[in-house]
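This is what each chain is made of:
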Amino acid sequence: MTAYPWSAALTNFAVTAIVVAVVFAVALVVAVFVRGGRHDGIDVVWGGGFAIVAVTTLLLSAGEGDSWRRWLITVLTCVWGLRLAWHIGRRNHGRPEDPRYADIISGARGNPTLHMVRKVYLPQAVILWIVSLPVQLGQYGFASGTLSVVVTALGVALWAIGFTFETVGDAQLAAFRADPANRGKVMDRGLWRYTRHPNYFGDAAVWWGLTVLALHHYAGLIGLVGTALMTWLLVKGTGKKLLESTIGERRPGYADYVRRTSGFIPMPPRRASA
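Note that this is a predicted model, so its numbers are computed, not measured.

1. Things to note about the pattern of salt bridges
Per the counting criterion, the structure on display carries ten salt bridges. When the shortest N-O distance is used, the salt bridge between D66 and R69 registers 3.8 Å. On the basis of relative accessible area, D66 is assigned to the buried category, the value being 11%. For D170, the salt bridge is made with R83, and the minimal N-O distance between the two is 2.8 Å. Of this pair, D170 sits in helix α7 (residues 146-178) while R83 sits in helix α3 (residues 67-92), and the two are 87 residues apart along the sequence. When its relative accessible area of 15% is taken as the criterion, R83 is described as buried. Overlapping salt bridges, with partners in common, bring together D188, D256, R259 and R260 in one network.

Written out as C-alpha cells, the structure reads:
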C-alpha cells in the first residue's frame, strides 16, 4: 500500500461537485422549459448522475490509482446507474407527474421553481455527491497483496448480489403489474416473498460492494459516510418508509404481507399466527 494522493483526490472532489451541480442545473432547465414544469425526470438523473461522477473520476485519476481498479469501479457504477435510469425512465413514460413532486409544488409559497430547487434539486445533488464518495475514493491509491484481493472479491460479490436483487425484483414487479388480473393485489412472489423491497435491498448491497472496493486503502473508510447515508435513505428516508406510508391504503392485503415478510433484509416468510 502506497501513500494516498490526497491532493489529487481533493481536486477530484471539487471537480465532481461542480459537475454534479451542472447536471442538476441542466435537469432543472429541462424540467421547467422543456417538460412544462414536470420534475420526475430528476429520478432518471439520479442514476445517470452516479455514472457521470464515476467517469469523471476515471479521467481525473489517471496515474493516481490502480488502472484495473479504476475501470472496475467505473464499469460497476455505470452499469448500476444507467440501468436504474433506464428502468425509471421506462416506468414513468406515459404516466402523469409523480405525486411526490406534485405535492411539493403545491406547497410552494412563492416561486415554485425556487421551491423545487430548495426541496428537491439541491438536496438530491448534495446527497448524490456524498453517496458517490466510495466511487471517487476507490479510484485513487495503489495497493496489492492479500488486502487488495479480499476487498476486490468481497466488493464484487456484494455488488453482484445487490444488482441481481434489484434487476430481478424490478422485472418481477413489472410483470406482476402488467397482468390486469393482479390489479389491487399485493406482489408477494419471487424475491418479494422474502423481502418487501428487493430493489431497495439491492441498491444498498450495490453501494456496500462499491464501498468495500474502496477499502484497498484506509482512506476508503471515508466512503462509509456515503453508503450509510444511502442505506438510511432507503430504509428510513425517501425509500421504504415513504412508500409504505400510503401503500396500505391502496392494497387491502398489504398489512398481512407486512406481518409475514421482512421489511428489508431477505429472510424466509414468517408463518401466520394461529
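There is more to say after this.
2. Quick word on the packing of aromatic side chains
Two numbers describe a pair of aromatic rings. These are the distance of the centres and the angle of the planes. Tallying each qualifying case throughout the model produces ten aromatic pairs. Between the aromatic rings of W46 and F50, the centroid separation amounts to 5.0 Å while the plane-to-plane angle is 90 degrees, which identifies the pairing as edge-to-face. Residue W46 and its partner F50 are located together in helix α2 (residues 42-60), separated by four residues, close to a single helical turn. Judged by its relative accessible area of 15%, W46 falls in the buried class.

3. Some points on the packing of α2 against helix α5 (residues 112-131)
Two elements in contact, α2 and α5, have axes whose closest approach is 10 Å; the angle formed by their N-to-C orientations is 30 degrees. As the angle between them shows, α2 and α5 are arranged roughly parallel. Classified by chirality, the crossing of α5 by α2 is right-handed. On α5, the residues touching I42, V45, W46, G49, F50 and V53 of α2 are V120, Y121, Q124, I127, L128 and V131. Considering only residue class, the contact of α2 with α5 consists of ten nonpolar, two polar and no charged.

4. Digging into the environment of G169
Here G169 lies in helix α7. Judged by relative accessible area, which is 0%, G169 ranks as buried. Filtering out sequence-adjacent residues up to four positions away, G169 remains in contact with T164, L191, W192 and P198.

5. A word on the packing of helix α1 (residues 6-34) against α2
Close contact between α1 and α2 brings their axes to 10 Å; oriented N to C, the two are set at 150 degrees. The orientation of α1 relative to α2 falls into the category roughly antiparallel. Like other packed secondary-structure pairs, α1 and α2 cross with a definite hand, here right-handed. Taken together, the residues of α2 that come into contact with α1 (itself represented by N12, V15, T16, V19, V20, V23, F24 and A27) are I42, V45, I52, V53, T56, T57 and L60. Of the residues assigned to the contact of α1 with α2, the class counts are eleven nonpolar, four polar and no charged.

6. Remarks on the side chain of N182
Its location among the elements puts N182 in the loop between α7 and α8 (198-213). The buried category is assigned to N182, whose relative accessible area is 7%.

7. Description of α5
Taking 1.5 Å per residue, 20 residues should reach 28 Å; α5 reaches 27 Å between its end C-alpha atoms and fits that length. The largest bend in α5 is about 40 degrees, located at R118. The complete set of buried residues in α5 reads H115, M116, V120, Y121, Q124, A125, L128 and V131. In this structure, the buried side of α5 is in contact with α1, α2, α4 (99-106), α6 (133-137), α8 and α9 (224-235). The N-terminus of α5 is capped by N111, whose side-chain oxygen sits 2.8 Å from the backbone nitrogen of T113.

Calculation criteria
- Residues numbered from 1 in each chain as written.
- Predicted model: local features only at pLDDT ≥ 70, side-chain atom pairs only at ≥ 80, totals over all residues.
- Heavy atoms only, no water.
- Salt bridge = Lys/Arg side-chain N within 4 Å of Asp/Glu carboxyl O.
- Buried < 20%, exposed > 50% of the residue type's maximum accessible area, 1.4 Å probe, protein only.
- Helix = DSSP H or I, 4+ residues; strand = E, 2+ residues; numbered from the N terminus.
- Phe/Tyr/Trp six-rings, centres within 6.5 Å; stacked < 30°, edge-to-face > 60°.
- Axes fitted to C-alpha atoms, helices over the stretch in contact; angles between N-to-C directions.
- Parallel < 35°, antiparallel > 145°, perpendicular 65-115°, else oblique.
- Left-handed = near helix turned anticlockwise from the far one by under 90°.
- Contact = heavy atoms within 4.5 Å.
- Nonpolar A, V, L, I, M, F, W, Y, C, P; charged D, E, K, R; others polar.
- Expected span 1.5 Å × (residues − 1).
- Bend = angle between axes of the 7 residues up to and from the residue.
- Polar contact = N/O pair within 3.5 Å; in protein donor to acceptor, adjacent residues only side chain to side chain.

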